[in-house]
Amino acid sequence: MKNENKTRQYAAITAVGHYVPDKILSNADFEKMVDTSDEWIRERTGIRERRILENGATSDMAAKAVENMLKNRGIGPDEIEIIIVATVTPDMLFPPTACIVQEKIGAKKAWGFDVSAACSGFVFALVTGMQFIESGAYKKVVVVGSDKMSSITDYTDRNTCILFGDAAAAVLLEPSTDPNLGILDHRLYCDGSGEKYLHMKGGGSLNPPTHETVDKKWHYMYQDGKAVFKVAVIGMADVSVEIMKRNNLTSDDVDYLVPHQANLRIVEACGKRMGIDPSKVMINIDRYGNTTAATIPLCLSEWWLAGKLKPGSTLILSSFGAGYTWGAILVKWSIESPKG
Ligand code: UT7
């Protein structure tokens, strides 16, 4: 709808890159750790394996993802003006992980900050970054989703430990005056009543770390999976359909749904509700599990590298996560395929 205004400045995604750690934790590995089975995990979640960062922190993965992204764009770090890191596993409560990334990649002229919106982190951060470009104040904004979920996972809790993995992926936003390239529309939501179903109780100002918080395992994430599942299906599907309706898009007009990868069943239900052919739904949860803020840009990076995205491709990015937070973004892809 916004592309009717031909003089508007759009935020276009002009580069993408990702990083995943080498270490693989398979379903068979979990069979040795908790009372579970490869069959249960595959059938209930779609996950076969996930990546684990053995040494280092969220900023290390984010820095590598940004460096890969810069290589793909063919520019140096000194051209970056803003770094926005979406994460729920910051290196520390402060300073912002964005500042640590800035130092690690040598982006001397950039400022930056973190966005905490759990599994919707990348979607919320992308819309935030978009504002800096659309205002005309900035020309190169980096948005990274990076999470070391293994650092807040209780590997004795079979309900959650099989779900999550570590990864990072980044995009570059630059201005475009082409109304058919860039971020065209978005809808974001939150509902704080969801806090009790998905959270990490300890370590913040409510429950600062004590021996008791450690004993009670409050420094690990907690999820009531069943409760979250129901609202995630409805939330992600509704907001994706809302974006289609607002922009008069039929399922044929959409080239790809780029969904947050929390559970294959949620992703498939969302695609079905949108009337989209399964071949147009990006799915890599089988290889990475739920990497929280990294899932959506990781899909973008892999599908671009595989030559499946071309300038003008119509994408709907869609997420649901803790908060609750959820949202969808309509993107017209801008980058030529690396495969020509
Ligand atoms: O990314 C942020 C948003 N998060 C989500 O969207 C995640 C939403 N939730 C889910 O993806 C699913 O609810 C889960 C994958 C977490 C769980 O699947 P489910 O089909 O909802 O299973 P459930 O929680 O209802 O559990 C069914 C049974 C239970 O046993 P009983 O009580 O029926 O005897 C669980 O104890 O499965 C049991 N169970 C397991 N069994 C084998 C739970 N985890 C496991 C496991 N292996 N890893």
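Residues numbered from 1 in each chain as written. Predicted model: local features only at pLDDT ≥ 70, side-chain atom pairs only at ≥ 80, totals over all residues. Heavy atoms only, no water.

Concerning the sheet that holds strand E12 (residues 314-321)
Our working definition: A pair of strands is considered paired only if DSSP assigns at least 2 bridges between the two. The helix count covers DSSP runs of H or I at least four residues long, the strand count covers runs of E at least two residues long, and both are numbered beginning at the N terminus. A fitted line through C-alpha atoms serves as each axis, taken over the contacting stretch for helices, and the angle formed by two N-to-C directions is quoted from 0 to 180°. Here a residue-residue contact requires only that any non-hydrogen atoms of the pair lie within 4.5 Å.
What the four strands build is an open sheet, ordered E8-E13-E12-E11; its pairing is mixed. What marks the edges here is a single partner per strand, and that holds for strand E8 (182-190) and strand E11 (256-259). Averaged over all neighbouring strand pairs, the angle between strand axes comes to 15°, with direction disregarded. Bridging between E12 and strand E13 (residues 325-332) involves eight bridges; their strand directions are antiparallel. Among the inter-strand pairings, Phe-320 is bridged to a residue of E13, identified as Trp-326. Across the sheet, helix H5 (residues 121-134) is in contact with E8, E12 and E13; its angle to E8 comes to roughly 130°.

A few points about helix H4 (residues 97-105)
Note on helix geometry: an α-helix contains 3.6 residues per turn, so any two residues three or four positions apart are oriented the same way. Condition: Each residue's exposure class comes from its accessible area (1.4 Å probe, protein chains only) as a fraction of the maximum for that residue type: buried when under 20%, exposed when over 50%, partly exposed otherwise. Arc, as used here, means the arc of the directions from the helix axis to the C-beta atoms.
For H4, the set of buried residues is Thr-97, Ala-98, Ile-100, Val-101 and Ile-105. The buried residues of H4 occupy one face: seen down the axis, they fall within an arc of 160°. Against the buried residues of H4 lie helix H3 (58-73), strand E4 (82-86) and strand E5 (111-115). Once H4 finishes, Gly-106 follows within two positions and takes phi at roughly 75°, a positive value.

Some details on the site of the ligand
Definition in use: Consider each residue's heavy atoms; a residue with any of them within 4 Å of a molecule or strand counts as near. Any pair of N or O atoms that falls within 3.5 Å is considered a polar contact. Within protein, one atom must be able to donate a hydrogen and the other to accept it, and sequence-neighbouring residues count only if both atoms are side-chain atoms. Surface accessibility in these figures is a Shrake-Rupley result with a 1.4 Å probe; residues are shielded only by whichever protein chains are displayed.
Thr-36, Arg-44, Cys-119, Asn-263 and Asn-290 are the nearest of the 24 residues found near the ligand. Note that an oxygen atom of the ligand is positioned 2.7 Å from one of the side-chain N or O atoms of Arg-44. Take Lys-226: an N or O atom from its side chain is 3.0 Å from an oxygen atom of the ligand. For the ligand, the accessible surface in isolation is 940 Å², of which the surrounding protein chains cover 75%. Of all the secondary structure elements, the ones that give two or more residues to the shell around the ligand are helix H2 (38-45), helix H6 (158-161), helix H8 (225-246) and helix H9 (264-274).

Overview of the sheet that holds strand E7 (residues 166-176)
Read from one edge of the open sheet, five strands run E1-E7-E6-E4-E5, paired in mixed fashion. Lying at the two open borders of the sheet, with one neighbouring strand each, are strand E1 (10-19) and E5. Within the sheet, the average angular offset between the axes of one strand and its neighbour, ignoring direction, is 20°. Sheet topology note: the E4/E5 ladder contains five bridges and is parallel. The residue bridging Ile-84 from the neighbouring strand is Phe-113, located in E5. Together, E1, E4, E5, strand E6 (141-148) and E7 form the strand contacts of H5, whose direction differs from that of E6 by roughly 165°. Across the sheet, helix H11 (residues 295-305) touches E1 and E7, and the angle it forms with E1 is around 85°.

Observations regarding the domain arrangement of the protein
The condition is simple: The source of the domain bounds is an automatic or database domain assignment. The term buried area means the drop in 1.4 Å probe accessible area that two parts suffer when joined, counted for both and summed. Salt bridges are defined by distance alone: a side-chain nitrogen of Lys or Arg within 4 Å of a carboxyl oxygen of Asp or Glu.
Each assigned domain of the protein is listed with its residue range as follows: domain 1 (2-176) and domain 2 (182-332). If you average the C-alpha positions of domain 1 and of domain 2, the two centres end up 13 Å apart. At the interface, 55 residues of domain 1 touch 46 residues of domain 2. For the pair domain 1 and domain 2, the two sides together bury roughly 4,200 Å², of which 67% comes from carbon and sulfur. Linking domain 1 to domain 2 there are one salt bridge. In this structure, Lys-217 engages Asp-154 in a salt bridge whose closest nitrogen and oxygen atoms are separated by 3.3 Å. In this assembly, domain 1 and domain 2 are joined by 17 residue pairs in polar contact (both at pLDDT 80 or more).

Some details on the nonpolar core
The cut-off we apply is this: Residues belong to a common nonpolar core when they are buried Ala, Val, Leu, Ile, Met, Phe, Trp, Tyr or Cys residues joined through side-chain atoms within 4.5 Å.
Counting 37 residues, the largest nonpolar core has Leu-126, Leu-173, Leu-315, Leu-317 and Trp-333 as its most contacted members. Residue contributions to this core peak at eight residues, all from H5. Both domains that furnish three or more residues to this core are identified here as domain 1 (2-176) and domain 2 (182-332).

Regarding the packing of H3 against H4
We apply this condition: Roughly parallel means an angle under 35 degrees; roughly antiparallel, over 145; roughly perpendicular, 65 to 115; everything else is oblique. Left-handed describes a crossing in which the near helix is turned anticlockwise from the far one by less than a right angle; the clockwise case is right-handed. Each residue is assigned to one class: nonpolar for Ala, Val, Leu, Ile, Met, Phe, Trp, Tyr, Cys and Pro, charged for Asp, Glu, Lys and Arg, and polar for all the others, Gly among them.
Packing of H3 against H4 brings their axes to within 9 Å, and their N-to-C directions diverge by 55°. When the interaxial angle is binned, H3 and H4 end up oblique. Between H3 and H4 the crossing geometry is right-handed. In this structure, H3 uses Thr-58, Ser-59, Asp-60, Ala-62, Ala-63, Val-66 and Glu-67 to contact H4, whose residues at the interface are Thr-97, Ile-100, Val-101, Lys-104 and Ile-105. When its residues are assigned to classes, the contact of H3 with H4 shows six nonpolar, three polar and three charged.

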